[in-house]
Amino acid sequence: MNNITLHLEDVSYSYNEAGKERQILNKINYSFEEGKFYSIVGPSGSGKTTLLSVISGLDQPKQGTIKYKDKKINKIGLTNFRSKYVGIVFQSYNLLSYMNAHQNVKTAIEICGVKSSTTITNLLSKVGINEVDSKRNILKLSGGQQQRVAIARALAKESNLLIADEPTGNLDSSTAQDIINIFKKLAHEENKCVIVVTHSKQLADESDVVLTLNDGNLVI
Amino acid sequence: MNFIKRALLSMKVRYFRSILILMTFIVILNLILSGLAIQHATEDSAVSARKKLGADVTLEFDMQSAMKSTSTEGKGGFGRIERTPLLVKDAEKLTKLNTVKSYNFETSTFASASSFTEIRQADVESDSNTSDANKGQGRMMGGADPEAIDVTLSGVRELNLLVDFTSETSKLTDGRLLTVDDVNTNNVVIEKNLAIENNLEVGDTIEIASIDDADNKLSIKIVGIYETSTILDENMPIRFGAANPYNKIYVPYTLTALVITNEEETDASNIINKAVYTLDDPLNIDKFKEEAKKLDIDWTKFKLDANDTAFETMVGPINQVANFSNKTVVIVTVAGALIMSLLLFLIIRERTQEFGILLSLGEKRYKIISQILIELVLLFVIALGISTLTSQKMAQTIGNQLLVNEVQNSSVEENGFIGGMRGMGFGGQGRNQVNPIEADPIDAINVSISQEEWKQVSGIGLLIILISTIMPATLIVRFNPRKILTRNV
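The rules behind each value
- Residues numbered from 1 in each chain as written.
- Chains lettered and ligands numbered in written order.
- Predicted model: local features only at pLDDT ≥ 70, side-chain atom pairs only at ≥ 80, totals over all residues.
- Heavy atoms only, no water.
- Helix = DSSP H or I, 4+ residues; strand = E, 2+ residues; numbered from the N terminus.
- Buried < 20%, exposed > 50% of the residue type's maximum accessible area, 1.4 Å probe, protein only.
- Contact = heavy atoms within 4.5 Å.
- Areas by Shrake-Rupley, 256 points an atom, 1.4 Å probe, with all protein chains shown as cover.
- Pairing = 2+ DSSP bridges.
- Axes fitted to C-alpha atoms, helices over the stretch in contact; angles between N-to-C directions.
- Salt bridge = Lys/Arg side-chain N within 4 Å of Asp/Glu carboxyl O.
- Patch = residues over 30% accessible without salt bridge, like charges linked within 9 Å, V, L, I, M, F, W, Y side chains within 5 Å.
- Core = buried A, V, L, I, M, F, W, Y, C linked by side-chain atoms within 4.5 Å.
- Buried area = accessible area lost by both parts, 1.4 Å probe.
- Polar contact = N/O pair within 3.5 Å; in protein donor to acceptor, adjacent residues only side chain to side chain.
- Nonpolar A, V, L, I, M, F, W, Y, C, P; charged D, E, K, R; others polar.
- Phe/Tyr/Trp six-rings, centres within 6.5 Å; stacked < 30°, edge-to-face > 60°.
- Lys NZ or Arg CZ within 6 Å of the ring centre and 35° of its normal.
- Parallel < 35°, antiparallel > 145°, perpendicular 65-115°, else oblique.
- Left-handed = near helix turned anticlockwise from the far one by under 90°.

## Points about the overall build of chain B
Summing up its helical and strand segments, chain B has 13 helices and 12 strands in all. In chain B, buried positions account for 50% of the 489 residues. The long-range fraction of contacts in chain B, counting pairs at least 24 apart against all pairs at least 6 apart in sequence, stands at 83%. As displayed, chain B offers around 23900 Å² of accessible surface, 55% of which is attributable to carbon and sulfur atoms.

Structure (structure tokens):
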């Protein structure tokens, strides 16, 4: 059991809509292990992004416990958890527009406060961003390049957990495949726990475990 | 990249937005600083005017108030004004006040030359019209024969404090001036021409007589001789010896009572025309007046005058400018604060996504707010520096223009005042009023930005920035990153 990176225990999430309580996640119990590439699929509105937000510390579950390597993330502190223990990749990249690729990655490293063992240039190079592109303003890069920068930024923290929300949603199939390959490599070669929420069959097919979210329940 | 570097980078990359904020700050700061600088300059000018007019305050019978009360009593026309005598004991009450540095008592009367000859104008005697006028004046003097009004006795406590001598209109040429030690003595100081005409010297004794009773004579001893630059006004319709400045004799204020035999003023030894108090600082005039009003003196009948009319004439236009700048400062500060607040609110709203990204990366909330504050404070400091340089020129131009307009507007009143002042000029005592020519309205101000204004504006500006940044930014970053990034805030 010591290879469990993230453990969900009776995790529930609901919100009030027009006076009615709408249940999104219903007592989910699941353990994500390191070295595996997970994809979470499900119909629109099934709560995939909510689940991702909860497990990445962007939001809090209404009930239940989430543990990162046997430590409750509430105890770690959500801000601390986000800064040190989880790398998040968004569908819309969410890069800081007034910076270049290099500066975006550097910002994540400085917020994390942990000295990276690898250089920013190496990190960017690992996801396919060369030195020239790394100095260009982020808005001058293509969507695929921006997503690569977002992955490099997530990797900068050297955490074991990488969570991505529709990372190939805005990319062409060739670029999407490149991104998928990066995730696979991170899981299989660097022993990271990669969890991806996706609608993409291509991505789901290449993952080690496909989880389906339906009626608030997570099933294999 | 830490939040300080992020702030600098954001300012640099978003240079257009930075310039826009900078320009807004500069415009607002220029207006506020100019307003404050003009306000300050007008205050300084008022202080200078007060200093220029000196630190003398005069206690005397309030003629205007008496005229007013006479007319409101419904007697019709000009009723007889009862002149309440100013008692020495009342005047001495004010000398105890802390702000009084020195004081003088002044009184005046006329006398006949008994053992000497007064200096007369050659063309006066045979003029019948003048003679009639003199008779009229004689009636005003209680029925005395105008031919007997030879000399003016100007009673003082200390002669060196009299404006005639402080302004050097009159200068001692021999002997000494009268001091407080001469009170209750018959020592006098006479004019040089009168002395030459009568072969008089310091140490000589002469005789004067009451204008009502030639037998009421008094021996006076000359202790000093002065020379006056005052000349007789040739256009003056009433002429008698006492009107000639050469025939003015300075005496201790206690001596004038000795030559008055008018029944109404038999107790004149304790009465003076006025008391002049010289304060330690002209700026203490208001304090002195305030403290004096608490003393047991009938303030419905007496007044304290610190050249107030002249002061009002001098500072009238500048007060108008001050009023305008005061209002401007308030309006610009309020409007500027609103504009800055709205601008900063919009800027912060625009950066909601950035806040969400930084929060999702695990950045602390206070560092996100600090980054925004650093950006705005830096721009504010630059704007303040530029405004300090530009606002002085702007304030000087605006201030001068406003003042010129106000001086032009007040010119009619000013001329009236000066005419009135000039009409008062016959060579008698009481010239402690400012020379009317000196009482011109102030028509230039020296505007400069002081440290005080700079600090004031910096404080207000920084406070506005702090409030306008922290409040909206806190409202955004209190949400979780998911909510911010999905733009649900």
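## Things to note about the sheet that holds strand E2 (residues 20-33) of chain A
What links the strands of a sheet is backbone hydrogen bonding, and the strands pair in either a parallel or an antiparallel sense. Residue and element names in this part refer to chain A. Spatially, E2-E1-E4-E5 is the arrangement adopted by the four strands of the open sheet, whose pairing is antiparallel. The sheet is open, and its two edges are formed by E2 and strand E5 (71-72), each paired on a single side. Bridging between strand E4 (residues 63-68) and E5 involves two bridges; their strand directions are antiparallel. The partner of Tyr68 across the bridge, within E5, is Lys71. Along the sheet, helix H1 (residues 48-55) contacts strand E1 (4-17), E2 and E4; its crossing angle with E1, the most-contacted strand, is approximately 125°.

## Things to note about the pattern of salt bridges
The tally for this structure, following the rule as stated, stands at 20 salt bridges over all chains. Notably, a salt bridge pairs Lys36 of chain A with Glu33 of chain A, separated by 3.5 Å at the nearest N-O pair. Since its relative accessible area comes to 30%, Lys36 of chain A is described here as partly exposed. Between Arg6 of chain B and Glu363 of chain B there is a salt bridge, with its nearest N and O atoms 2.7 Å apart.

## Points about the pairing of strand E3 (residues 37-41) of chain A
Residues and elements named next belong to chain A. When you tally the buried positions in E3, you get five out of five residues, the bulk of the element. Side chains Phe37, Ser39 and Val41 of E3 all project onto a buried face; the interleaved residues Tyr38 and Ile40 project onto the opposite face, where all are buried too. Relative to strand E8 (residues 193-197), E3 runs parallel, the two being bridged by four bridges. Residue pairing across strands places Ile40 opposite Val197, the latter belonging to E8. When E3 meets strand E9 (residues 209-214), the two strands line up parallel, connected through four bridges. The residue bridging Tyr38 from the neighbouring strand is Val209, located in E9.

## Topic: unusual backbone geometry
All names here are of chain A. For Lys27, which is not glycine, the phi torsion reads 45° and is therefore positive. Here Lys27 is to be found in strand E2. Its relative accessible area of 52% is what places Lys27 among the exposed residues. Phi angles above zero are rare outside glycine, and Tyr93 is one such case at about 65°. Inspection of the secondary structure puts Tyr93 in the loop between strand E6 (86-89) and helix H4 (101-112).

## A closer look at a nonpolar patch on the surface
Where nonpolar side chains cluster on the molecular surface, the patch consists of Leu463, Leu466, Ile467, Ile470 and Met471 of chain B and spans about 450 Å² of accessible area. By secondary structure assignment, the location of Leu463 of chain B is in helix H12 (residues 451-477).

## Some points on the environment of Asn98 of chain B
All names here are of chain B. Inspection of the secondary structure puts Asn98 in the loop between helix H4 (88-94) and strand E3 (100-113). Since its relative accessible area comes to 72%, Asn98 is described here as exposed. Placed 190 residues apart in sequence, Asn98 and Phe288 show a C-alpha to C-alpha distance of 8.4 Å.

## Digging into the nonpolar core
Formed by 100 residues in total, the largest nonpolar core has its most connected members in Leu6, Phe32 and Ile195 of chain A. Of all hydrophobic cores here, the second largest spans 33 residues; its members include Ala101, Ala154, Ala187 and Val194 of chain A.

## Notes on the interface of chain B and chain A
Interfaces are frequently sized by the accessible area removed from exposure as the parts join. Contacts between chain B and chain A engage 23 residues on the former and 24 residues on the latter. With both sides pooled, the region where chain B packs onto chain A buries about 2100 Å², and carbon together with sulfur makes up 57% of that total. Linking chain B to chain A there are one salt bridge. Inspection of the chain B/chain A interface yields 10 residue pairs in polar contact (both at pLDDT 80 or more). Of all the secondary-structure elements, those providing two or more residues to the side of chain B that touches chain A are helix H1 (3-13), helix H10 (352-360), helix H11 (365-422) and helix H13 (481-485) of chain B. Among the residues forming the side of chain B that touches chain A, the class breakdown is nine nonpolar, seven polar and seven charged.

## Comments concerning the packing of aromatic side chains
Inspection of every chain in the model, using the stated rule, returns 16 aromatic pairs over all chains. The interplanar angle of 85° and the centroid separation of 4.9 Å between the aromatic rings of Phe32 of chain A and Tyr38 of chain A together place this pair among those described as edge-to-face. Here the two residues Phe32 of chain A and Tyr38 of chain A agree in accessibility, since each one is buried. When the ring of Phe25 of chain B is compared with that of Phe380 of chain B, the centres are 5.9 Å apart and the planes differ by 80°; the resulting orientation is edge-to-face. A residue pair is termed long-range when its members are at least 10 positions apart, and Phe25 of chain B in helix H2 (residues 15-52) and Phe380 of chain B in helix H11 qualify at 355 residues. Owing to a relative accessible area of 1%, Phe25 of chain B belongs among the buried residues under this scheme. Joined through ring pairs, the aromatic side chains of Tyr103, Phe105, Tyr253, Tyr277 and Phe288 of chain B make up one cluster. When the ring centre of Tyr13 of chain A is taken as origin, the NZ or CZ atom of Lys62 of chain A, which lies over that ring, is 5.3 Å away.

## Topic: the packing of helix H7 (residues 143-155) of chain A against helix H8 (residues 173-188) of chain A
Residues and elements named next belong to chain A. Where H7 contacts H8, the axes come no closer than 10 Å and their chain directions differ by 15°. Here H7 lies roughly parallel to H8, going by the angle between them. By crossing handedness, the relation of H7 to H8 is classed as right-handed. Contacts between H7 and H8 involve Gly144, Gln147, Arg148, Ile151 and Leu155 from the first element and Thr175, Asp178, Ile179, Ile182, Phe183 and Leu186 from the second. When the residues that make up the contact of H7 with H8 are grouped by side-chain class, the tally is six nonpolar, three polar and two charged.

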